[in-house]
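Architecture and fold: a report
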Amino acid sequence: MTSTPLVVLENVNKHFGDLHVLRDIDLTVNSGEVVVVIGPSGSGKSTLCRTINRLETIDSGTITLDGQPLPAEGRGLAKLRSDVGMVFQSFNLFAHKTVLQNVTLGPLKVLRQSKSEAEARGMELLDRVRIGNQAHKYPAQLSGGQQQRVAIARALAMNPKVILFDEPTSALDPEMVQEVLDVMTDLASEGMTMVVVTHEMGFARRAANRVVFMADGQIVEENTPDEFFTSPRSERAKDFLSKILTH
Ligand SMILES: Nc1ncnc2c1ncn2[C@@H]1O[C@H](COP(=O)(O)OP(=O)(O)OP(=O)(O)O)[C@@H](O)[C@H]1O
Ligand SMILES: [Mg+2]
């Protein structure tokens, strides 16, 4: 594996009013790396993700993508949003557009691809997430797991440098979780750079290069999945793992 830093956060701080939600965050995500972020509710995992594509601003510190500081506005910000894909718990698909139209919208409007180019690539990506046969349906006609795979194809269509996943399987019925994790595992093994907030510890063990454990806005522990799950160092991590692994 290469170790070219792709996303670098240095000394990042963020407040919501009096709440210090990100505290001195230092995190480097290398190109091709899969970093799984775990931690208790309210620890700042979503906020961390959202700062990386500037859905949230930061108060101090620096974030760079490919060596460049995150652009604040304008064309640079639009480019950032295509370089940093995001997949949320709620799929956020356009209800009145077909699956294929959902996937081609960004490439047509932002990347200025031709319709034929965007559709060919869209179909290729829908096949890749194993849903090509649903291309002409509307989101409401699909299961949650299928909709989330559309959301992943939509992110991929922008040719992102990194994709952030914020609890992508948390809203799914249990029987649909695996099909989404399988697609994510494929992406990981194909070398996609991924930051994944998840409670799916099986996925973390299988696909992560590194686990980052957050609590109270801080990165408390960072380790390989093997080390983290078998011998967590901090009391916070031990406590967290005992709760999630036994329920
Ligand atoms: N827009 C906001 N305004 C004010 N407070 C916020 C805002 N967004 C998040 N917070 C607060 O910041 C803290 C961190 O929230 P965040 O959503 O990042 O946590 P999380 O680790 O993703 O939690 P969960 O596991 O529940 O998704 C929480 O206390 C939350 O209530
Ligand atoms: Mg969250």
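Reading the values: rules and limits
- Residues numbered from 1 in each chain as written.
- Chains lettered and ligands numbered in written order.
- Predicted model: local features only at pLDDT ≥ 70, side-chain atom pairs only at ≥ 80, totals over all residues.
- Heavy atoms only, no water.
- Helix = DSSP H or I, 4+ residues; strand = E, 2+ residues; numbered from the N terminus.
- Contact = heavy atoms within 4.5 Å.
- Axes fitted to C-alpha atoms, helices over the stretch in contact; angles between N-to-C directions.
- Parallel < 35°, antiparallel > 145°, perpendicular 65-115°, else oblique.
- Left-handed = near helix turned anticlockwise from the far one by under 90°.
- Nonpolar A, V, L, I, M, F, W, Y, C, P; charged D, E, K, R; others polar.
- Near = heavy atom within 4 Å.
- Polar contact = N/O pair within 3.5 Å; in protein donor to acceptor, adjacent residues only side chain to side chain.
- Areas by Shrake-Rupley, 256 points an atom, 1.4 Å probe, with all protein chains shown as cover.
- UniProt positions renumbered as here; feature names shortened; annotations may be inferred.

With that settled, the discussion passes to the environment of Glu56. Considering the arrangement of structural elements, one finds Glu56 in the loop between helix 1 (45-52) and strand 4 (60-65). Ignoring any residue separated from it by four or fewer positions in sequence, one finds Glu56 in contact with Lys14, Phe16, Arg50 and Thr51.

Turning our attention to the packing of helix 3 (residues 99-109) against helix 5 (residues 144-156). Describing two packed helices takes the angle between their axes plus the distance from one axis to the other. Put simply, helix 3 and helix 5 touch, their axes get as near as 8 Å, and they point 25° apart. Classified by the angle between their axes, helix 3 and helix 5 sit roughly parallel to one another. As helix 3 runs across helix 5, the sense of the crossing is right-handed. Judged by residue contacts, Val99, Asn102 and Val103 of helix 3 engage Val150, Ala153 and Arg154 from helix 5. The class makeup of the residues in the contact of helix 3 with helix 5 is four nonpolar, one polar and one charged.

Time to look at the site of ligand 1. Residues in close proximity to ligand 1 include Phe16, Leu19, Val21, Pro40, Ser41, Gly42, Ser43, Gly44, Lys45, Ser46, Thr47 and Glu167, which together make up its full environment. Take Ser41: an N or O atom from its side chain is 2.6 Å from an oxygen atom of ligand 1. Within the side chain of Ser46, a nitrogen or oxygen atom sits 2.8 Å from an oxygen atom of ligand 1. Summarising the interface, the protein chains cover 58% of the accessible area of ligand 1, which totals 640 Å² for the free molecule. Among the secondary structure elements, those contributing two or more residues to the shell around ligand 1 are strand 2 (19-30) and helix 1. Tallying contributions element by element places helix 1 first for the shell around ligand 1, with three residues. Looking at the shell around ligand 1, its residues break down into four nonpolar, six polar and two charged.

The next subject is the UniProt feature "domain: ABC transporter" (unreviewed entry) in the chain. Cross-referencing UniProt, the feature "domain: ABC transporter" (unreviewed entry) maps to residues 7-241 in the present numbering. Along residues 7-241 the backbone is 39% helical and 26% strand, and the end-to-end C-alpha distance reaches 27 Å.

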